[in-house]
Amino acid sequence: MQKDNILHPAEELISNCPLRHQQENFSVAFLLQIINGTEDPIFVKDRQHRWVLLNDAFCNFLKHSREELIGKSDYDFLSKVEADVLWEKDELVFMSGIANENEESFTDIQGQTRFISTQKCLFEDGAGNKFLVGSIRDVTQYKRLEAKFQKLSANVPGMLYQFMLHPNNSFSFPYVNSGCYEIYGLTPEEIQADANLITLMVHPDESEDFAQSIALSAQTLQPWQWEGQIVLPSGQVKWIQGASRPELQADGSIIWDGLIIDVTSRKQVEEALHEAYAELEKRVLERTKELATSNEALQAEITEREQAEAQLLEKEQFLRSVYDGSEHAIFVLDFLVNGDFCYTGWNPATERATGISSSEVIGTTPEDVHGAVEGAAVRQRYIKCLETGVPVSYEECLTFQSQETWWITTINPLKDNEGKIYRLVGTTFNITERIRAETQIKQQAEDLETALQKLQRTQMQLVQSEKMSALGQLVAGIAHEINNPVSFIYGNLTHANEYIQDLVRLLQLYQQQYPQPLTPIQELETEIDLEFLIKDLFKLLDSMKIGTQRIREIVLSLRNFSRMDEAEMKEVNIHEGIDSTLMILEHRIKATPDRPAIQVIKEYSNLPLVECYAGQLNQVFMNILANAIDALEESFVVCHTLREAEAASTSLAFSSTGQMISPQIHIRTQLLEPNKVIILIADNGPGMSKEVKQRLFDPFFSTKPIGKGTGMGLSICYQIISKKHGGTLECLSQLGNGAEFVITIPRSQG
């Protein structure tokens, strides 16, 4: 838009808005009219520090038209140094969002230095756009008068002062100029800190008259004049003369504005200068009147300053009400020049949340409030905010009144005119209940997961226990039923052998006594091949004896494996359990058309009896040996050339066709310590990967095809060894180098 066509802000707003927003347009136009009618300059800047709205007073203040100022910034009309200072102060409001008021100076278009008091605050519209709204009060005249007064006060002989008598009869010196040091040897700060320092110097002989003169002036509100002696701490005696005028204040206090001068020299030469005394007194009175006139003018300026201070106080009270009335915890701490942090207080919400009053934390460090360890962690988070220079948010755990609480805290840095961070303002929200709820839910989930796993293991153990119990009963029953007829046959074979031998001797005796038998007998002997029959009959009896002996051994192994009569923990021979298991698995160990026999190598040491659950331990042997046989059977597949090359460095033996030709299972036992037995079962199969080995004992994990394994066997073995016997079960394996299971159990459970 061209500058020549720029409308007044109120006219432009109304012309560009539809009729249906007429009421709102009227309100906005009315507000703009009020702003333009305000004597104080008012301006609005966008986030790029450009003026977007100005009132008439602001245009008059800079001596430029609105068209020249809109869209421009301080850099277009001020020096870079001045513009940089204003830019930093404006940026502080944009970044912190905290209203700001300070005094600034700049050089106007005529080249004169002007002083202004600026109030700035942040405004954010519905779309999230940020604007800086400011108002200006020209205090140039006040600054000049203040400088003039300071110069005048410094040149006045003696001590200019304000003396205040409070309604409770206490008194103070609101103002004392530097002339007090020449009279009393005290600085203005010392006198203002303790007003009694002056009254105590009044000579003891004149202290009562001094007090009465002040009381009389307070009662009558007449000017106070007094001349007397004072005694300095060094012992030096001086004559002083004071004069002032009282003024009753609205709160009942009385203020005297006056002058005290040292008249010691005058008193010392009073006799010689008696004739000139009248002239001197006249000059003093005239001077006093001049000072009174100046004091009145100064009082008017002071009144104006007090009004400005009252406005500042009102704004401070507003911010204080927001600070004190907030339901969220707010705390403030200063960053000291020595690099330390110091709390300057926190609001009532923080007091309620922590149980610590604001007065208790003022002047303390993070370690003082939170303790050494927790305070050091809090300090590190504050340091992080200093290093980044931007607001930081984090979640923290703090302890107050021996109670652990959780908070979400945001730290905002405040910067001075030089851009240095001097203060941190923190807001925090108590999320302890949320954290506790989350922790409780997490714990419940973990408990449910643990319970589910325990239930699965229990169910698995119950199923396997019931299965093994039923299998044990079945095996024991079958073994018992087989054992009876086999024992009957085995026992009768001895008698049958004796009877047959007797019959053979009888037959041989007949042959000797009747060498020429009848023709039918000779024909039958030839037909049945009697000589062969007699020789083979004894071989047949020996074979039957061996067979029944084998059946008896198998039945004994079945009974030993089932251990139905040893459900409780007893001392047993571990080797018998292993041998019984191998006897049951012998049909799988023998050679088949697809593979050679599996060679079982035993290296049994001289073990004592071991206290254990024999049936359950046999179950472990059965699962591990069955898995070893499965692994060896899976190895009998055609291998690639790479596999043949690898086999040359392993314990496996392969043929030229890539098949294993010497499968082996190696079983060793050893007594490691007086109370520790180790059983090692190794195979020279294909081994297993690291991933498989890590999950080997997990319930329901299996590398076998569906339908060939439940994934429960090794998990149950692990439970039997670790839980039932207090031992360990490990697997040592590498891919291509076989697998070895190491079972370690105590010899005695006591």
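Residues numbered from 1 in each chain as written. Predicted model: local features only at pLDDT ≥ 70, side-chain atom pairs only at ≥ 80, totals over all residues. Heavy atoms only, no water.

(A) Fine view of the overall build of the protein chain. Within the protein chain, the regular secondary structure consists of 25 helices and 22 strands. Here the protein chain holds 750 residues, and the buried ones make up 36% of them. For the protein chain, long-range pairs separated by at least 24 residues make up 53% of all intrachain contacts whose partners lie at least 6 apart in sequence. Accessible area for the protein chain stands at about 44,800 Å²; split by element, carbon and sulfur atoms hold 55% of it. (Helix = DSSP H or I, 4+ residues; strand = E, 2+ residues; numbered from the N terminus. Buried < 20%, exposed > 50% of the residue type's maximum accessible area, 1.4 Å probe, protein only. Contact = heavy atoms within 4.5 Å. Areas by Shrake-Rupley, 256 points an atom, 1.4 Å probe, with all protein chains shown as cover.)

(B) Broad picture of the sheet that holds strand 12 (residues 341-346). Spatially, 12-11-15-14-13 is the arrangement adopted by the five strands of the open sheet, whose pairing is antiparallel. Looking at strand neighbours, the two that pair on one side only are strand 12 and strand 13 (392-400), the edges of this open sheet. Each strand of the sheet is rotated relative to its neighbour by a mean of 35°, with strand direction disregarded. Pairing analysis gives nine bridges linking strand 13 to strand 14 (residues 403-415), with the strands arranged antiparallel. Looking at the pairing, Phe400 lines up with Gln403 of strand 14. Each of strand 11 (329-335), strand 12, strand 13, strand 14 and strand 15 (421-430) touches helix 16 (residues 372-388); the most contacted strand, strand 13, lies at about 165° to it. (Pairing = 2+ DSSP bridges. Axes fitted to C-alpha atoms, helices over the stretch in contact; angles between N-to-C directions.)

(C) Structural context of a nonpolar patch on the surface. Taken together, the side chains of Leu503, Leu506, Leu509, Tyr510 and Tyr514 present a nonpolar region at the surface, about 550 Å² in accessible area. Topologically, Tyr514 is positioned in the loop between helix 17 (432-513) and helix 18 (519-528). Classification of Tyr514 by relative accessible area gives exposed; the value is 55%. (Patch = residues over 30% accessible without salt bridge, like charges linked within 9 Å, V, L, I, M, F, W, Y side chains within 5 Å. Salt bridge = Lys/Arg side-chain N within 4 Å of Asp/Glu carboxyl O.)

(D) Spotlight on the pairing of strand 3 (residues 100-107). Of the two faces of strand 3, the one holding Asn100, Asn102, Glu104 and Phe106 is buried and the one holding Glu101, Glu103, Ser105 and Thr107 is not buried anywhere. With eight bridges joining them, strand 3 and strand 4 (residues 113-124) adopt antiparallel strand pairing. Residue pairing across strands places Asn100 opposite Lys120, the latter belonging to strand 4.

(E) Representation of the packing of aromatic side chains. Counted under the stated rule, the structure contains 17 aromatic pairs. Ring geometry for Phe163 and Phe171: centres 5.6 Å apart, planes at 35°, overall tilted. Since its relative accessible area comes to 9%, Phe163 is described here as buried. Here Phe171 falls in the partly exposed class, since its relative accessible area comes to 26%. An aromatic cluster is defined as three or more aromatic residues linked by ring pairs; in this entry it consists of Phe331, Phe335, Phe341, Tyr343, Trp346 and Tyr382. (Phe/Tyr/Trp six-rings, centres within 6.5 Å; stacked < 30°, edge-to-face > 60°.)

(F) Fine view of the confidence of the model for the protein chain. Chain-level pLDDT for the protein chain is 79 on average; 81% of the residues reach the 70-or-more range. Long-range and interchain partners of residues 1-21, a stretch whose pLDDT sits below 50, account for 21 contacts in this model, where long-range means more than four residues apart. Predicted confidence for residues 638-659 stays below pLDDT 50, and this span has 32 contacts to residues more than four positions away or in other chains. (pLDDT = per-residue confidence, 0-100.)

(G) Here's a closer look at the side chain of His575. Inspection of the secondary structure puts His575 in helix 20 (residues 574-584). His575 has contacts with Tyr604, Ser605, Leu607 and Thr669, leaving out every residue within four places of it along the chain.

(H) Region of interest: the pattern of salt bridges. Using the criterion set out here, one finds 25 salt bridges in the structure. Note that Asp84 is salt-bridged to Lys80, the shortest N-O span being 2.9 Å. Of the two residues, Asp84 and Lys80 both sit in helix 5 (residues 80-96), four residues apart, roughly one turn of that helix. A residue is classified by how much of its surface remains accessible, and Lys80, at 57% relative accessible area, is exposed.

(I) Seen up close, the sheet that holds strand 17 (residues 599-603). As summarised here, the arrangement of the five strands in space is 17-19-20-22-21, forming an open sheet in which the pairing is mixed. Each end of this open sheet is capped by a strand with a single partner; those strands are strand 17 and strand 21 (728-733). In this sheet, adjacent strand axes meet at a mean angle of 15° when their direction is disregarded. Contacts from helix 20 reach strand 17, strand 19 (664-673) and strand 20 (676-683) within the one sheet, and its direction differs from that of strand 19 by about 170°.

(J) Broad picture of the nonpolar core. Ranked by internal contacts, the top residues of the largest apolar core, which has 40 residues, are Ile665 and Ile743. Going through the elements one at a time, helix 20, strand 18 (610-612), helix 22 (614-634), strand 19, strand 20, helix 25 (713-724), strand 21 and strand 22 (739-746) are the ones with two or more residues in this core. Sequence-distant contacts of Ile665, defined by excluding residues within four places in its chain, comprise Ile598, Gln599, Val600, Ile601, Leu625, Ala628, Ile629, Leu632, Ile681 and Ala682. Counting residues in each nonpolar core, the second largest holds 26 residues, with Leu165, Ile214, Ile240 and Ile254 among its members. (Core = buried A, V, L, I, M, F, W, Y, C linked by side-chain atoms within 4.5 Å.)

(K) Representation of unusual backbone geometry within the structure. A positive phi angle, near 70°, is found at Asn169, a position not held by glycine. Even without a glycine there, the phi angle at Leu221 is positive, about 55°. Inspection of the secondary structure puts Leu221 in the loop between helix 10 (207-220) and strand 8 (224-231). Since its relative accessible area comes to 35%, Leu221 is described here as partly exposed.

(L) Representation of the pairing of strand 20. The element strand 20 is extensively covered by neighbouring structure, given that seven of its eight residues are classed as buried. With antiparallel pairing between neighbouring strands as the criterion, strand 19 and strand 20 make up a hairpin whose turn holds two residues. The sheet contact formed by strand 20 and strand 22 spans eight bridges and is antiparallel. The partner of Val677 across the bridge, within strand 22, is Ile745.

(M) Seen up close, helix 16. Taking 1.5 Å of rise per residue, the 17 residues of helix 16 would be expected to cover 24 Å, and the 24 Å separating its terminal C-alpha atoms lies within 8% of that figure. Within helix 16, the full set of buried residues consists of Glu374, Gly375, Val378, Arg379, Tyr382 and Cys385. Each buried residue of helix 16 sits inside an arc of 135° when the element is viewed along its axis, so together they form one side. Facing away from the buried side of helix 16 by more than 90 degrees, the exposed set consists of Ala372, Val373, Gln380, Lys384 and Glu387. Check the buried side of helix 16 and you find it contacts strand 11, strand 12, helix 15 (366-370), strand 13, strand 14 and strand 15. (Expected span 1.5 Å × (residues − 1). Arc of directions from axis to C-beta.)

(N) Highlighting the packing of helix 20 against helix 22. At their nearest, the axes of helix 20 and helix 22 sit 9 Å apart, and the two run at 45° to each other. Looking at the two axes, helix 20 sits oblique to helix 22. Once helix 20 is placed against helix 22, the crossing between them reads as right-handed. Contacts between helix 20 and helix 22 involve Ile574, Gly577, Ile578, Thr581, Leu582 and Ile584 from the former and Leu617, Asn618, Phe621, Met622 and Leu625 from the latter. (Parallel < 35°, antiparallel > 145°, perpendicular 65-115°, else oblique. Left-handed = near helix turned anticlockwise from the far one by under 90°.)

(O) Quick look at the environment of Leu541. Secondary-structure assignment places Leu541 in helix 19 (residues 530-562). On the basis of relative accessible area, Leu541 is assigned to the buried category, the value being 9%. The spacing of Leu541 and Leu493 is 48 residues in sequence and 7.2 Å in space, taken between C-alpha atoms.

(P) How the structure looks around the environment of Asn573. By secondary structure assignment, the location of Asn573 is in the loop between strand 16 (570-572) and helix 20. Sequence separation between Asn573 and Ala614 is 41 residues, and the spatial gap between their C-alpha atoms is 8.9 Å.

(Q) Summary view of helix 10. Helix length check: helix 10, at 14 residues, gives a terminal C-alpha distance of 20 Å against a target of 20 Å (1.5 Å per residue), a fit within 8%. Among all positions in helix 10, only Phe210, Ser213, Ile214, Ser217 and Ala218 are buried. All buried residues of helix 10 project into a common sector of 130° when viewed along the axis, lining one side. Residues Glu208, Leu216 and Gln219 are exposed on helix 10 and point more than 90 degrees away from its buried face. Here the buried face of helix 10 lies against strand 6 (159-165), helix 9 (196-199), strand 8, strand 9 (237-248) and strand 10 (254-262). Backbone geometry just downstream of helix 10 places Leu221 in the positive-phi region, at approximately 55°.

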